Amino acid sequence: MQVLKFGGTSVANAENIRKVSCIIQKAAKKEPVLAIVSALGGITDVLLQAARKAAQGTEDYKQLLEQAELRHLEVVKELIPVVKQSSSLSLVKKQFNEIDDICNGIFLLGELTERTTDKILSYGELISSQIISAALQANGIENAWKDSRDLIVTDSSFTHAVVDFSATNEKIQRYVAGKKSNVHILPGFIASDVNGITTTLGRGGSDYTAAIVAAAVNATALEIWTDVSGMMTADPRLVPNAKAISEISYQEAMELSHFGAKVLYPPTVQPVLATNIPVWIKNTFAAEDEGTLIKKQSLNNGNDIRGLSSISKIALLSLEGSGMVGIPGFSKRLFESLANAGINVILITQSSSEHSICVGIDDANAKKAKEVIDKAFAAEIKGGSIDPLTVEQDLAIVALIGDNMKNHPGISGKMFGALGRNGVNVRAIAQGSSERNISAVIASVDVKKAINVLHEEFFENTYKQVNVFLTGVGNVGSKLLAQLEQQQQYLQQHLRLQLKVVGMANSKKMLFNDDGIDLSTWQDSLEAGDSMELSKFIQNVKSKNLRNSVFADVTASAEVAATYDQLFEKSVSIVACNKVACSSPYQYYRKLKDLAREHNSVFLFETNVGAGLPVIGTLNDLLRSGDKVNKIQAVLSGTLNFVFNNYNGTRSFAQEVRQAQDEGYTEPDPRLDLGGTDVMRKIMILAREAGEQLEMEDISNNSFMPESCMKGDVEHFYKEMEKHEAHFKKIYEEAEAKQCKLNFVASYENGKAAVGLQHINAQHDFYHLYGKDNVVLFYTNRYVEQPLVVKGAGAGAEVTASGVFADIIRAARV
Ligand code: ADP
Ligand code: ASP
Ligand code: MG
């Protein structure tokens, strides 16, 4: 004998029931089949809703029942040939008349008891199983229908009745012995107490019915047919990358289902475990998929973790106080008062100081728990030796499950490391002494992120998903997007990174897409996006709460820079091309660095100095390896270098500047480059990174720009430069006369920084700088006479974008 169970979605409509018939027919060719079926998908909920509405005195229940009846009639009409329909049609009508009568009674009384609830819910399975039996019969599959209430005996705990196994087993065995039919159809979920009153086994309980029957007949196998291809490494509704588990032990399956894996009703494993019956989880809609085999000992597939699960709507109770230490009996009283109130304990932790006990329970019982516990400890609370119970709500449990976790160190380290890096705060931790389960209590809002992070950590050595939010899609931003698009494949193959741009904005529009914005058409999508509001954009980044989030700031905006602190607080990493944050008052720069460290996020801004050149990274490497920077000399303005390299009096100075702006080397406001401010910011950032507490006011700037050029707007700036052409020409000729080049040099030594134009002779390291080159010389304890030199193109959209790209990858790989 084999037992097959078909869940709600498997029998939701005529089309699905046809699939079920095929599966039963095929199975029956091998061995007799006992098939247990659920109510049509969603019907149990509808019946419950109707009963509750009736009890509240709202007449809507009538409409709900009418629709439910229609749904059943449709199924009959579609499944059964017209000539054979009438008995099934009248069965549906008759049963719904009964449901109507009961609901009318509830409506009049204004009261819904658990006993009546069970009675009403039982119709779901009763009707579905009889329709399916008739449909099979009509299609030539001989079968016998049997009311499970005649077989399964329970106590009278309505809505979650407890099975009397000896009476039940005997009845099932007697039934099977007396019937020679090859196929039997039974309703799941329902049973009756010793007085013959209808009970149910708890929501989702048809799985349990099937296991009880399988154990009683010592079936060769139990097959649970559902809408997914097995028990998966995580809830597929939360984790799109979840995969079916091929083999799993009874204990692991039990643990996974107890901790929220809805695919299997938790008590199901118990009866089959005792009789060692193999259980298969199979997909009705992909019957050829292998599915999951649950058995005594699962295959060691090299992974210590078998699956992840989560339970939401948890409340955490904490009982604390000095009066608890070393005095026996406190926990007994605590758990006794919960048990007496019928409150189930899901998780327990106790600090080794015995100063506090934490208990996780179903959120729905939080209020009741507070009442009974405060009452139980009223005397101690009054005396001050124990604090009133604290209750935290809106929590959830995430759990890591696997038999092989035992004696394998490092798993919890990996678990909490991954959660911590993503800013998931852990409120309590429990590890069963079986070491088969490590559970963490976290905020409900973090569940999806946490489960995905853990899934990536333990199951996806294939790739890690990185979610990028980008502000600024101008010159550099659009180059960055093009590079990201081009490299997506490479990153996936070689670095195992799946980089998705999930949000982007320019100053006018913003766009979000959790699946990743298509980078080949982002311009059109952004154009069609919502109007940009920075506060909304940031709010979205925070509330989406995606794992491995990186915020890339490719604007030059002070407003955007002012939001970094909020993002770090949500453990979002930041890659800034924008120099405003790092060159803002030292205190904010320091605060940002501290916040990033505190929240395990990364703050990278390599492109703040020398565009894509590895300047800040090199400086950090020197310091990390114990070197000390004594002096920095640098040419840090691609714009100024470009201008002075090209200017020789044939074209006006203003024209050279204009060309630098047109080619995209300047800041959006070129006066920041020409006036030296941009270079000051850069040397200040280097000095700060070297450990100096420097402000802009501390830097001396020997500017070569006539003051009048720096007033008014950018057009005025160009006009004024034309007027002062003689001034610029003179500067050039003075240098030329000494066979020197002009360079705008930044230096830092002994805590002091300065910027200004200098004459550079042919012997100087800076003489051979071309185009928009930058160069940085680091004099350190180790590089004493010959400095460490970083040199190359220090401006331009393409190289800046590649620097931002490299920082994003660095942030992603942490
Ligand atoms: P049925 O109606 O067949 O009993 P259920 O809805 O009770 O089906 O259970 C199947 C559902 O369980 C799946 O559709 C899936 O969304 C959910 N689920 C949650 N966790 C898991 C998991 N770890 N593996 C597989 N499915 C899971
Ligand atoms: N129909 C019941 C429910 O929805 C039992 C089941 O489907 O397992 O809870
Ligand atoms: Mg189910």
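First, a word on what this report is: a plain description of the structure on this page.

Procedures and definitions
- Residues numbered from 1 in each chain as written.
- Chains lettered and ligands numbered in written order.
- Predicted model: local features only at pLDDT ≥ 70, side-chain atom pairs only at ≥ 80, totals over all residues.
- Heavy atoms only, no water.
- Axes fitted to C-alpha atoms, helices over the stretch in contact; angles between N-to-C directions.
- Helix = DSSP H or I, 4+ residues; strand = E, 2+ residues; numbered from the N terminus.
- Parallel < 35°, antiparallel > 145°, perpendicular 65-115°, else oblique.
- Left-handed = near helix turned anticlockwise from the far one by under 90°.
- Contact = heavy atoms within 4.5 Å.
- Nonpolar A, V, L, I, M, F, W, Y, C, P; charged D, E, K, R; others polar.
- Phe/Tyr/Trp six-rings, centres within 6.5 Å; stacked < 30°, edge-to-face > 60°.
- Lys NZ or Arg CZ within 6 Å of the ring centre and 35° of its normal.
- Pairing = 2+ DSSP bridges.

Contact geometry for helix α2 (residues 43-56) and helix α3 (residues 60-79): axes closest at 8 Å, N-to-C directions at 155°. One finds that α2 runs roughly antiparallel with respect to α3. By crossing handedness, the relation of α2 to α3 is classed as left-handed. Counted together, I43, V46, L47, Q49, A50, K53 and A54 of α2 and D60, Y61, L64, L65, A68, R71 and H72 of α3 form the full contact between these two elements. Of the residues belonging to the contact of α2 with α3, the class tally is nine nonpolar, two polar and three charged.

In the structure shown here, the tally under the stated rule is 20 aromatic pairs. Three or more aromatic residues link up through ring pairs in this structure, and these residues are F644, Y647, F653, F704, F728, Y732 and F744. Looking at K631, its charged tip hangs above the ring of Y779, at a distance of 4.6 Å from the centre. Geometry around Y767 places K741 over its ring, the cationic atom sitting 4.8 Å from the centre.

Structurally, S88 can be placed in helix α4 (residues 82-109). Leave out the neighbours within four places in its chain, and S88 touches V76, I80 and A134.

Across the sheet, which stays open at both edges, the six strands sit in the order β13-β14-β12-β15-β17-β16 with antiparallel pairing between neighbours. A single partner strand is all that each edge strand has here, and the edge strands are β13 (345-350) and β16 (426-431). Neighbour-to-neighbour, the strand axes of the sheet open up by a mean angle of 30°, direction not taken into account. As paired strands, β13 and strand β14 (residues 356-362) are joined by five bridges and run antiparallel to one another. Paired with L347 across the bridge in β14 is G360. Here helix α8 (residues 250-258) sits on the sheet in contact with β12 (307-320), β15 (390-401) and β17 (437-443), set at roughly 60° to β12.

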